[in-house]
Structures are given as C-alpha cells and as structure tokens.
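The primary structure of each chain is shown beneath.
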Amino acid sequence: MTNFFKDIPAISYVGPDSDKEFGFRHYNKDEVVLGKRLEDHLRFAIAWWHSFAWEGGDPFGGQTFERPWHPQDSMKTARIKADVAFEMFRILDVPFYCWHDADVRPETGNFADNLKTLNEITDYMLEKQVQTGVKLLWGTANLFSHRRWMAGASTNPDPEVFAFAAATVKSCLDATHKMGGENYVLWGGREGYETLLNTDMKQELDHMGRFLNMVVDYKHKIGFKGTILVEPKPQEPSKHQYDYDAATCFGFLQKYGLEKEVKLNLEQGHAILAGHSFEHEIATAAALGVFGSIDMNRNDYQSGWDTDQFPNNVPEVALAYYEVLRAGGFTTGGTNFDAKIRRQSIDPADLILAHMGAMDVCARGLKAAAALLESGEMEAARKERYAGWDTPAAKTMLGSSLDAIAADVLAKNIRPEPRSGRQERLENLWNRFV
Ligand code: XLS
Ligand code: NI
Ligand code: NI
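Basis of the calculations
Residues numbered from 1 in each chain as written. Chains lettered and ligands numbered in written order. Predicted model: local features only at pLDDT ≥ 70, side-chain atom pairs only at ≥ 80, totals over all residues. Heavy atoms only, no water. Near = heavy atom within 4 Å. Polar contact = N/O pair within 3.5 Å; in protein donor to acceptor, adjacent residues only side chain to side chain. Areas by Shrake-Rupley, 256 points an atom, 1.4 Å probe, with all protein chains shown as cover. 1 Å grid on protein atoms, 1.4 Å probe; cavity = no way out; pocket = protein on both sides within 12 Å on 5 of 7 lines; lining within 4 Å. Sits in = over half its atoms within 2 Å of the grid points. Nonpolar A, V, L, I, M, F, W, Y, C, P; charged D, E, K, R; others polar. Helix = DSSP H or I, 4+ residues; strand = E, 2+ residues; numbered from the N terminus. Expected span 1.5 Å × (residues − 1). Buried < 20%, exposed > 50% of the residue type's maximum accessible area, 1.4 Å probe, protein only. Arc of directions from axis to C-beta. Contact = heavy atoms within 4.5 Å.

**Q** Can you walk me through the site of ligand 1 in this structure?
**A** All residues in the neighbourhood of ligand 1 are listed as Trp-49, His-100, Trp-138, Trp-187, Glu-231, Lys-233, Glu-267, His-270, Asp-295, Asp-306 and Asp-338. Take Lys-233: an N or O atom from its side chain is 2.9 Å from an oxygen atom of ligand 1. One nitrogen or oxygen atom from the side chain of His-270 is found 3.1 Å from an oxygen atom belonging to ligand 1. Out of a free accessible area of 290 Å², ligand 1 has 94% covered by protein chains. According to the grid-proximity analysis, the pocket containing ligand 1 is the largest pocket. In the shell around ligand 1, the residues fall into three nonpolar, two polar and six charged.

Following this line, the structure appears as structure tokens:
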C-alpha cells in the first residue's frame, strides 16, 4: 500500500440525491439496463498514460505534477507507479485499464533492455491483476514519443526503424496476451507525413499494410484471442495521418485484406478533429462492420487541439452510446478514458474526481440512450421512413438494371412525392430522454 490516495474513500453508488463529494450519482454498476448490468455495458477502463505517465507539461511549460514515482527512469519508480495505479483502479472500482509500453517501463533506447523491463513490469502488473480482479482492456506500443519514431514507425523511410517497430509491437502483443488483454490497439500518431515534398505516400501505405498483416499473422501464431484495433485520428502529431477517420481506415483495411481481422477504436476528440461527430464515427464503423471500442474524452470545440478532457456533456455522450447500443453494444471493446486532468489539477483527489464524474456522465448518457431505444419510438420512425423498401417491387428493383428500371418508370409513370424528414420532431423526441 502506498499513501498516495490517503483519506480518499472507495467510491460507491450514493444516488442522485446525496450531497457526498465522493460517490457515484448515476453509475450503479449492478443496475440492469436492457437486460445487462451497467458495468458490463460500459466496460470502463483507465488509461495509464494520462493518469500516471503524463507529468503535466504543455507546449509552453514543463512538469506541473510531483508524484512519488518521479523521475520515471527506473524500475523502482515504475513499480511505485503500478502500485498507485492499481490502488486507483480499486478506489474507482473500474473493471479494466490500458497501457503503452513507454508508460509502464523506463526507456533505455536499447531494445533488449526495453524488452527485459517490459517483461518484468508486466509480470508485476499481472500479479496485481490477479490480486485485484482488474483486467486489461488493451495494451499498445508507443511508436511516437521517442525520437527514433519522428519520421514514422512502419512508414519510416529507414528499414531499421520498421524493424524496431516490428520487434516492439511483438513484445507488446506478447505482454498483452500474457496478461489476458481483450484487445490490442495500434494508433499511428507518426504514420503520416509532415510534408509531401519528402514523402513517397504509396510506399509508406504499402509498408503500413504489410506491417498490419504481420501483426495479424502473429496474433494467430500465438493464439491471441483478443481483437486487433486501429485508432483513427486525422492529424496531431503528424500534419496528416493515414488513419484519418473511420471511413479512411476501412478503405485501408479492405485494400490490404484486413477488414475481417481488424476493427476500430474510436475516440471522441479524434472525431472532432476530423470534422465529424463522435456518433458519426461510431455509426460509420458499425455500418462497415468494424466497430470495436471507444476512447472516451472531450475536445475543446474552439482550440482545434486534441485536448483530451474528461467528458461532461451528457446529451453528447448519449448520442454516442445510442450508436454503440444500435451496433449491439461492446463485445471485447469498452469505454477507455483517454482523458487527462488539467495541468493545474495537481491533487491526487483530482484524478479520482475526474474519473468518478466521467463515469457518472457516461452512465447517464447510456441510460438515456437505452431508454430511448427501449421505447422503440426513434427506431419505429426510422423504420417507417424506409418502409417503401419492404415491398417486393422495391426489392426486385435492387437486383434489376438501369435500363429495366428506366423502362418501368416510363411504363408506370412513376412520380415520387417528397415526404418530411421529420428532423425537429425526432429532436424533440430525443430531448424527452436526455
Ligand atoms: C492519441 C491517442 C492515443 C491512443 C493510444 O491521441 O488517442 O492515446 O489512444 O496510443
Ligand atoms: Ni487521442
Ligand atoms: Ni486514444
């Protein structure tokens, strides 16, 4: 036991009328919604990088947090960090967490040493998983922070960097497998370009496709049963990233024969950066059969950066969960808080309250979405809008040809009558639930 969170109680459900500062008002993990416990719907996870590895720096200033695991350059402090992390998971009673290799072990610059420390610390974390019952939602490799990755990982012009990336992903996939991880994520922060003037885009895309095929082959070789997830983001840190958004990722997966093997991890802030809404990205992935998991956070709508704030907008979150529920809910995926406290939030309590509040926001959003889905009103209106397609004639038309259809339009003098899309009525309906 560390004393990092001393005096902070374990968070439990206190209900919406309580005046306790530390307690869930809406997240009652055992509450059954649409036949499933809230904990099993939401599958919350905490991100090691934002809560424990990030030191509070921004482009204008350095570290603001002072933690007992600083400096993060030894196995001794890596262990302290793991002790505190698992204490926080228990205080918040979250079922899952996620990590990058660089979050959990010191960086030495040498692959053999990184491998050794990764194996050592993940053994330690696995022991803690067993002791606490907290599970791994996903592991991933950080292929973007160290200077070796500055021109990309699998898309790097230097084959030695490709090799280093392959070895690193193998080590992280092995560790994720060992820890019973339910997914493995690849986010390509440097898989893109700064300028087209020095970039062979076709070659880079081919290498990225080959790399992802190797990851999938290796997953099968070791019998990893989890899902491989790619995480779209249009830019930041690169000027342009190849995994731009859900639709772009699907095109990429299809071109390289991976659309049945790989799914998507979608993030609210990344959707906003791509000029989409979060629900658009979830609905796109679901329509294309590649919906996997979500990184929950909130972007600032004015700044144009990936600000990774904790969610606090219930109607926005509800729209996202409505699409998650319409997609059938999570299978191996979950709700990972890819979110960080602000750099002035230096108290340990801030970490707890940020997650606690966000879990409540998500629970409210999911419950509103579930109630609307259960009422059936929105889905009945949607079905009604497409009812014309249920007729045999309409179905036959889809198997017909342009010239046959044209002849039919002439013969029957088909003259379509426009009908209202009823948007405002549906928005009013939506507002009755959130
Ligand atoms: C960064 C990404 C990153 C991934 C994991 O913007 O969201 O945190 O989720 O590498
Ligand atoms: Ni992000
Ligand atoms: Ni993310």
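**Q** I tried to follow helix α5 (residues 111-132) on my own but got confused; where do I start?
**A** Think of an α-helix as 3.6 residues a turn; residues three or four steps apart then line up on the same face. When the terminal C-alpha atoms of α5 are compared, their 31 Å separation across 22 residues agrees well with the 32 Å that a helix rising 1.5 Å per residue should span. All of the buried residues in α5 are Asn-114, Thr-117, Leu-118, Ile-121, Thr-122, Tyr-124, Met-125, Lys-128 and Gln-129. Down the axis, α5 shows its buried residues gathered within 160 degrees of arc, on one side only. Looking at α5, the residues exposed on the side facing more than 90 degrees away from the buried face are Lys-116, Val-130 and Gln-131. Taken together, the buried residues of α5 touch α2 (48-53), α3 (75-92), β4 (96-100), α4 (101-104), β5 (135-140) and α6 (159-178). Where α5 begins, one side-chain oxygen reaches toward the backbone nitrogen of Ala-112, 2.8 Å away; that side chain belongs to Asn-110. Phi for Gly-133, located one or two positions after α5, is positive at around 80 degrees.

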